[in-house]
Amino acid sequence: MRYGLLTFEEPQIDSSRKILHVDMDAFYASIEIRDKPGLANQPVVIARHPEVTGGKGIVATCNYKARQYGIHSAMPAVEAYRLCPKAVFVPGRHAYYQEVSQQIRDIFYQYTDLVEPLSLDEAYLDVTHNKKGDPSALRIAQTIQREIYETLHLTSSVGVSYNKFIAKIASDYHKPHGITLVTPADAIDFLKDLPIDKFYGVGQRSIDRFHELGIYKGADLYQMELDDLIQSFGKMGYSLYFKVRGIHPSPVSSHRDRKSIGKESTFSHFTQDEGEVITYLDRLALQVYTNYQQKGVRPHTVTLKIRYQDFTTVTRQAKHEMAIMTLNDLQAAVLDLWHTYGDLSQSVRLLGVTVSQFEVEGIESFPLNIE
Ligand code: DCP
Ligand code: MG
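All of the points below concern the structure found in this document. (Residues numbered from 1 in each chain as written. Chains lettered and ligands numbered in written order. Predicted model: local features only at pLDDT ≥ 70, side-chain atom pairs only at ≥ 80, totals over all residues. Heavy atoms only, no water.)

### Looking at the coordination of the magnesium ion (ligand 2)
Phase 1 of the analysis: Protein ligation of the magnesium ion (ligand 2) involves Asp23 (OD), Met24 (O) and Asp121 (OD), the donor distances falling in the range 2.0 to 2.2 Å.
Phase 2 of the analysis: Considering all six donor atoms around the magnesium ion (ligand 2), the spread of angles at the metal, 78 to 176 degrees, places the coordination shape in the octahedral class.
Phase 3 of the analysis: Sequence positions of the donors to the magnesium ion (ligand 2) reduce to the motif D-M-x96-D. Residue Met24 is located in strand S3 (residues 19-24), and its partner Asp121 is located in the loop between strand S7 (115-119) and strand S8 (122-126); the two are separated by 97 residues in the primary sequence.
Phase 4 of the analysis: Taking relative accessible area as the criterion, Met24 reaches 3% and is therefore assigned buried.
Phase 5 of the analysis: Overall, the relative accessible area of 15% leaves Asp121 in the buried class. (Donors = N, O, S within 2.8 Å, 3.2 Å for Na, K, Ca; no water. Tetrahedral: all angles 85-135°; square planar, octahedral: opposite > 155°, others 65-115°. Helix = DSSP H or I, 4+ residues; strand = E, 2+ residues; numbered from the N terminus. Buried < 20%, exposed > 50% of the residue type's maximum accessible area, 1.4 Å probe, protein only.)

Put into structure tokens, the structure is as follows:
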């Protein structure tokens, strides 16, 4: 296939893999209800009560009963209170949710080492070659779901398919406590029926743009020419062209194999202003921190990348004896590198922050095999 001057090898459908996407139901709220049975049957909102915060809090999540009132994640707690004044507001306990998340991952690892967490409450599992020698991905999904329920008293929903993209969408299909299997034979119909806003990775701005182009569901997307999709949506358009055809070769990449997590970004206008550089670095550090914290890994090495106006690029690394556990520590480590190696005699066009050399969280922390 030709596009511009580049020739692409067209991705091919590979339906030989067996992928699960497991997503916990109303995760934080379910944990609180499990621990305080008095909360069962009441609308439960994970947020500090707006009367305590002076109205500043945000809803992390809520149980399904609270959702009936229109309450949802990321809503101001004040609004949740207005929608349902009798709801019980419970402050979140993040460190505890991380522990529970680790217990869930330990269950996954009994089936496969190919586990890719997306956040505390969801992960992809590649069970093509699993530790139980079970050829049925559906049966493994049922067993994992049951085991999470029996050992941790929490419900989950599972999508079962042959690629990550379909499995992720499928896990949302019969929530809560559902399992949805999409076989290779069903995949195209499943994707054609799917509203465009359910295509994972398509943000609100792109959804509006799709609607403007008259594209409301998978079937409309399927009609589009590859070149037109690339023209309108760039890299995402390219990837959607294949996704709607059931093609998504992305492997399940376990953090146990992952060597680094990083984020870089180009300034919209190049800068020689140190204040601006520092604000930018703090923000990159926050994004990287959020990402690795969700994956439950602890890095020992921080790398700063600086690209100057003339495209000279420097990368400088610092290795820390203690793992970098807090956002403050990461931001301090990044600033340290900047103060040592940064140079503002010319403008900066790009900055990047990467962490590497991970240990896995938990009692049996062990250093990973990283060069
Ligand atoms: N979370 C958060 N802030 C958000 C979204 C989520 O703090 N804006 C937290 C609380 C959730 C957890 O992440 O419990 C998992 O997010 P999900 O989107 O999977 O939501 P839930 O698990 O709560 O509900 P669902 O049953 O819809 O998956
Ligand atoms: Mg969830």
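Further notes follow.
### Observations regarding the sheet that holds strand S4 (residues 44-46)
As a general point, the strands of a sheet are linked pairwise by backbone hydrogen bonds and lie either parallel or antiparallel.
Phase 1 of the analysis: Taken together, three strands build an open sheet; the order of strands is S5-S4-S6 and the sheet is mixed. The outermost strands of the open sheet, each flanked by one partner alone, are strand S5 (61-62) and strand S6 (88-90).
Phase 2 of the analysis: Relative to S5, S4 runs antiparallel, the two being bridged by two bridges. Looking across to S5, one finds that Ile46 is bridged to Thr61.
Phase 3 of the analysis: Sitting on the sheet, helix H1 (residues 27-35) touches S4, S5 and S6, and the angle it makes with S4 is about 120 degrees. (Pairing = 2+ DSSP bridges. Contact = heavy atoms within 4.5 Å. Axes fitted to C-alpha atoms, helices over the stretch in contact; angles between N-to-C directions.)

### With respect to helix H9 (residues 204-212)
Phase 1 of the analysis: All buried positions along H9 are accounted for by Ser206, Ile207 and Phe210. Angularly, the buried residues of H9 cover 105 degrees about the axis, an arc narrow enough to put them on a single face. For H9, the exposed residues set more than 90 degrees away from the buried face come down to Gln204, Arg205 and Glu212. (Arc of directions from axis to C-beta.)

### A closer look at the sheet that holds S3
Phase 1 of the analysis: Strand order in the open sheet formed by five strands is S7-S8-S3-S9-S10, with mixed pairing between adjacent strands. Of all the strands in the sheet, just S7 and strand S10 (179-181) have a single pairing partner and so form its edges. Each strand axis lies, on average, 15 degrees off the axis of its neighbour in the sheet, ignoring direction.
Phase 2 of the analysis: Across three bridges, strand S9 (residues 156-161) lies against S10 in parallel orientation. Residue Gly159 lies in a different strand from S10, and its bridge partner there is Thr180.

### What about helix H7 (residues 164-171)?
Phase 1 of the analysis: Across the eight residues of H7, eight count as buried, placing the element largely inside the fold.
Phase 2 of the analysis: Taken residue by residue, H7 has Lys164, Phe165, Ile166, Ala167, Lys168, Ile169, Ala170 and Ser171 as its buried positions.
Phase 3 of the analysis: Capping the start of H7 is the job of one residue whose side-chain oxygen sits 3.2 Å from the backbone nitrogen of Phe165: Asn163. (Polar contact = N/O pair within 3.5 Å; in protein donor to acceptor, adjacent residues only side chain to side chain.)

### Side note on the site of ligand 1
Phase 1 of the analysis: Not every one of the 14 residues close to ligand 1 is listed here, only the nearest: Ala26, Thr61, Tyr64, Arg67 and Asp121.
Phase 2 of the analysis: Lys175 has a polar side-chain atom sitting 3.2 Å from an oxygen atom of ligand 1.
Phase 3 of the analysis: About the coverage of ligand 1: the protein hides 68% of its 550 Å² of free accessible area.
Phase 4 of the analysis: Those elements giving two or more residues to the shell around ligand 1 turn out to be S3, H1 and helix H3 (64-67).
Phase 5 of the analysis: Of the residues belonging to the shell around ligand 1, the class tally is seven nonpolar, two polar and five charged. (Near = heavy atom within 4 Å. Areas by Shrake-Rupley, 256 points an atom, 1.4 Å probe, with all protein chains shown as cover. Nonpolar A, V, L, I, M, F, W, Y, C, P; charged D, E, K, R; others polar.)

### Describing the side chain of Thr61
Phase 1 of the analysis: Tracing the backbone through its elements, the reader meets Thr61 in strand S5.
Phase 2 of the analysis: One polar contact links Thr61 to Arg67, side chain to side chain, over a distance of 3.3 Å.
Phase 3 of the analysis: Here Thr61 is in contact with Ala26, Tyr28, Ala29, Val45, Ile46, Arg67 and Ser73, once residues within four sequence places are set aside.

### A look at the packing of aromatic side chains
Aromatic rings considered in pairs are described by the distance between their centres and by the relative angle of their planes.
Phase 1 of the analysis: This structure, assessed with the given rule, holds 11 aromatic pairs.
Phase 2 of the analysis: Ring centres of Tyr96 and Tyr97 lie 6.4 Å apart, and the angle between their planes is 40 degrees; this geometry places the pair in the tilted category.
Phase 3 of the analysis: Given the relative accessible area of 21%, Tyr96 is considered partly exposed.
Phase 4 of the analysis: Where Tyr173 meets Phe190, the ring centres are 5.0 Å apart and the plane angle is 50 degrees; that geometry is what we call tilted. Placement of the pair is Tyr173 in the loop between H7 and S10 and Phe190 in helix H8 (residues 184-193), with a sequence separation of 17 residues.
Phase 5 of the analysis: The class of Tyr173 is partly exposed, set by a relative accessible area of 41%.
Phase 6 of the analysis: For Phe190, a relative accessible area of 12% corresponds to the buried category. (Phe/Tyr/Trp six-rings, centres within 6.5 Å; stacked < 30°, edge-to-face > 60°.)

### With respect to the state of the cysteines
Phase 1 of the analysis: This structure, assessed with the given rule, holds zero disulfides.
Phase 2 of the analysis: You can see Cys62 has no disulfide; the closest cysteine sulfur is in Cys84, sitting 9.7 Å from it.
Phase 3 of the analysis: Under the relative-accessibility criterion, Cys62 is labelled buried at 1%. (Disulfide = S-S within 2.5 Å.)

### Thoughts on the pairing of S3
Residues in a regular strand project their side chains so that they alternate between the two faces of the sheet.
Phase 1 of the analysis: Counting buried positions along S3 gives six out of six residues, so the element sits mostly inside the fold.
Phase 2 of the analysis: Side chains Ile19, His21 and Asp23 of S3 all project onto a buried face; the interleaved residues Leu20, Val22 and Met24 project onto the opposite face, where all are buried too.
Phase 3 of the analysis: In the sheet, S3 pairs with S8 via five bridges, with the strands oriented antiparallel. By the bridge assignment, Asp23 is partnered in S8 with Glu122.

### A look at the nonpolar core
Phase 1 of the analysis: In this structure, Leu20, Phe27, Phe108, Leu125 and Ile148 are the most contacted members of the largest nonpolar core, which totals 34 residues.
Phase 2 of the analysis: Every element with two or more residues in this core is listed here: S3, H1, S4, helix H5 (94-109), S8, helix H6 (137-152) and S9.
Phase 3 of the analysis: Among all residues touching Phe108, those that are not within four sequence positions of it are Val22, Val115, Ala123, Leu125, Ile144 and Ile148. (Core = buried A, V, L, I, M, F, W, Y, C linked by side-chain atoms within 4.5 Å.)

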